[in-house]
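Letter by letter, the chains look like this.
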Amino acid sequence: MRRVNSDFWKNKKVFMTGHTGFKGSWLALWLQEMGAHVKGYSLAPPTAPSLFTAARVSENMISENGDIRNLEQLTMSMRQFEPEIVLHLAAQPLVRLSYESPIDTYDVNVLGTAKVLEAARSCACLKSLVVVTTDKCYENNEWAWGYRENERMGGYDPYSSSKGCAELIASAYRRSFFSEPGGASVATARAGNVIGGGDWAKDRLIPDILSAFEKNRPVVIRNPMATRPWQHVLEPLSGYLILAEELYVRGSEVAEAWNFGPDEDDCKPVSWVLDQMIRFWGDGASWCYDDEPNPHEAVFLKLDCSKAKHYLKWEPRWRVDEALKRTVSWYQVFMRKGNVRKLTLNEIEDYNT
């Protein structure tokens, strides 16, 4: 089972978009811990509280407030830093919000991605660029088997289709502008539903569960039989880092799309996740069914990650019950006003040793 190579990342210059978000904050802390020189470019944290604030993520990095849709500012920020590696995580990440704000969703996820790639073209030192999308970029046929990287792009809702568009843009830029031998190489990374401490996003299952538990209320669930590929946030992040390493060293050999999801046994229905969370939390936690009309959501979705396992030697490490247990523990420490920066860094160390 491959680990992220901390020695590789020491003193690397890494430019991140979306470092104030949930996944971005975890990734920024991991890079800092490995000794990378990190610059983040992002809007303010999307929630209050946020992991970015609670774990003091900005302490050991350059943090710039900016919108990826502002090409002039983005390009200047990137060129001034002269990155070797770019990790693009900035996005509008919520399915239900995309129904309320479809134009903004496409603007950020599609044109924003194009502008990140365009800005990166001007960075002479750049070797490796990873564009993070989602498992929802696939045209979902509710199959019983996992989607492979060569499956058709699609998406029922604006969020999902915007991520399919981002994949097509990354592919076009890769072939048009990032194909020179010895130059920068571009890959995309697709991951599923991530869980872990520090996520307070609206209309996301784990934050909704823990918010209800904290208030001693039943969790209201829209679709208890929906099955998702649940994984701890560190699982796909390790995939992004390993992929960036390989792009840096092997270039065009790995400049393509990659899935990073859990093993098949960890694709569980929402009801199973709820039962586990109730067991870990205790104190009379419960849930009930929401019978109000809701926007369309996929019932079943999972990834085939055999390519990453074979060619990158990447493997998921923590089973979903371990991920849920650690997530509940993280929030309980936060509620007790404990040191969540230290806790988060300890989890990163546990994962990568």
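Structure report, in brief. This structure is a prediction, so every number in the text was calculated from the model and none was measured.

Our focus in this paragraph is the overall build of the protein chain. Secondary structure assignment for the protein chain yields 13 helices and 13 strands. Taken over the C-alpha trace, the protein chain has a radius of gyration of 19 Å; the compact-globule value for 353 residues is 20 Å, and the two agree within 12%. By principal-axis analysis of the C-alpha atoms, the protein chain measures approximately 60 × 45 × 40 Å. Out of the 353 residues belonging to the protein chain, those deemed buried represent 57%. Put simply, of all contacts in the protein chain between residues at least 6 apart along the chain, 81% involve residues at least 24 apart. A total accessible area of about 15100 Å² is found for the protein chain, and carbon and sulfur atoms account for 49% of it. Within the protein chain, one finds 42 positive and 46 negative side-chain charges whose respective centroids are separated by 3 Å.

Now for the packing of aromatic side chains. Under the definition given, this model contains 17 aromatic pairs. Arranged with centres 5.3 Å apart and planes meeting at 20 degrees, the rings of W143 and W145 form a pair that is stacked. Classification of W143 as partly exposed rests on a relative accessible area of 25%. By way of ring pairs, the aromatic residues Y138, W143, W145 and Y147 are connected into one cluster. Positioned over the ring face of F177 is R121, at 3.8 Å from the centre of the ring. In this arrangement the basic side chain of R317 is found over the ring face of Y351, its NZ or CZ atom lying 5.5 Å from the centre.

We now examine the side chain of S160. For S160, the position within the fold is in helix 7 (residues 158-177). Judged by its relative accessible area of 5%, S160 is buried. Those residues in contact with S160, other than ones at most four positions away along the chain, are K136, C137, G154 and G155.

Turning next to the pairing of strand 11 (residues 257-260). The alternating pattern of strand 11 places A257 and N259 on one face and W258 and F260 on the opposite face, and all of these are buried. The pairing of strand 6 (residues 185-191) with strand 11 spans 4 bridges and is parallel. Opposite T188, over in strand 11, you have A257 as the bridge partner.

With that settled, the discussion passes to unusual backbone geometry. Here the amide bond leading from A48 into P49 is cis, since omega sits at 5 degrees, within 30 degrees of zero. Along the polypeptide, P49 turns up in the loop between strand 2 (37-42) and helix 3 (51-54). Residue E82 is not a glycine yet carries a positive backbone phi of 55 degrees. Of note, E82 is situated in the loop between helix 4 (71-81) and strand 4 (85-88).

A few words now on helix 12 (residues 320-335). Two residues of an α-helix separated by three or four positions point the same way, owing to the 3.6 residues in each turn. Relative to the 22 Å expected for 16 residues at 1.5 Å per residue, helix 12 spans 23 Å between its end C-alpha atoms, a close match to the ideal helical length. When helix 12 is considered as a whole, its buried residues turn out to be V320, A323, L324, R326, T327, V328, W330, Y331 and V333. Backbone geometry just after helix 12 places K337 at a positive phi near 65 degrees.

Our focus in this paragraph is the side chain of E347. Its location among the elements puts E347 in helix 13 (residues 340-351). With near-sequence residues (within four places) excluded, E347 lies in contact with W26, H232, L234, W318 and R326.

Here the focus is helix 8 (residues 205-214). The buried count for helix 8 comes to 7 of 10 residues, which makes it a mostly enclosed element. Contacts from the buried residues of helix 8 go to strand 7 (194-195), strand 8 (219-221), helix 10 (270-281) and helix 12. Among the residues trailing helix 8, N216 stands out with phi positive, at a value near 60 degrees.

Proximity of charged atoms lets side chains of opposite charge pair with each other. Enumeration over the complete set of coordinates arrives at 20 salt bridges. Between R69 and D67 there is a salt bridge, with its nearest N and O atoms 2.9 Å apart. Of the residues examined, D67 reaches a relative accessible area of 22% and is grouped as partly exposed. A salt bridge links R326 to D350; the nearest nitrogen and oxygen atoms lie 3.5 Å apart.

As a further point, take the nonpolar core. Of all hydrophobic cores here, the largest spans 82 residues; its most connected members are W9, L31 and L87. It is helix 9 (residues 234-250) that provides the largest number of residues to this core, a total of 8 residues. In this view, L87 contacts V14, F15, M16, T17, L27, L31, V130, L241 and A244; residues no more than four positions away in its chain are not counted. Core analysis: the next-biggest nonpolar cluster, separate from the first, contains 25 residues, V110, L129, I169 and V186 among them.

Now for the sheet that holds strand 1 (residues 13-17). Strand order in this open sheet of 7 strands is 3-2-1-4-5-6-11, and the pairing throughout is parallel. Each of the sheet's edge strands pairs with one partner strand only, and the pair in question is strand 3 (62-65) and strand 11. Pairs of neighbouring strands in the sheet enclose a mean axial angle of 20 degrees, with direction left out of account. Sheet topology places strand 4 next to strand 5 (residues 128-132); 4 bridges connect them, and they run parallel. Its bridge partner lying in strand 5, H88 is registered against V131. In this fold helix 2 (residues 22-33) packs onto strand 1, strand 2, strand 4, strand 5 and strand 6, with an angle of close to 170 degrees to the strand it touches most, strand 1. Sitting on the sheet, helix 4 touches strand 1, strand 2, strand 3 and strand 4, and the angle it makes with strand 2 is about 175 degrees.

Here is what the cut-offs are and how they apply
Residues numbered from 1 in each chain as written. Predicted model: local features only at pLDDT ≥ 70, side-chain atom pairs only at ≥ 80, totals over all residues. Heavy atoms only, no water. Helix = DSSP H or I, 4+ residues; strand = E, 2+ residues; numbered from the N terminus. Rg over C-alpha atoms; globule rule 2.2 N^0.38 Å. Buried < 20%, exposed > 50% of the residue type's maximum accessible area, 1.4 Å probe, protein only. Contact = heavy atoms within 4.5 Å. Areas by Shrake-Rupley, 256 points an atom, 1.4 Å probe, with all protein chains shown as cover. Lys, Arg positive; Asp, Glu negative; His and termini not counted. Charge placed at Lys NZ, Arg CZ, Asp CG, Glu CD. Phe/Tyr/Trp six-rings, centres within 6.5 Å; stacked < 30°, edge-to-face > 60°. Lys NZ or Arg CZ within 6 Å of the ring centre and 35° of its normal. Pairing = 2+ DSSP bridges. Expected span 1.5 Å × (residues − 1). Salt bridge = Lys/Arg side-chain N within 4 Å of Asp/Glu carboxyl O. Core = buried A, V, L, I, M, F, W, Y, C linked by side-chain atoms within 4.5 Å. Axes fitted to C-alpha atoms, helices over the stretch in contact; angles between N-to-C directions.

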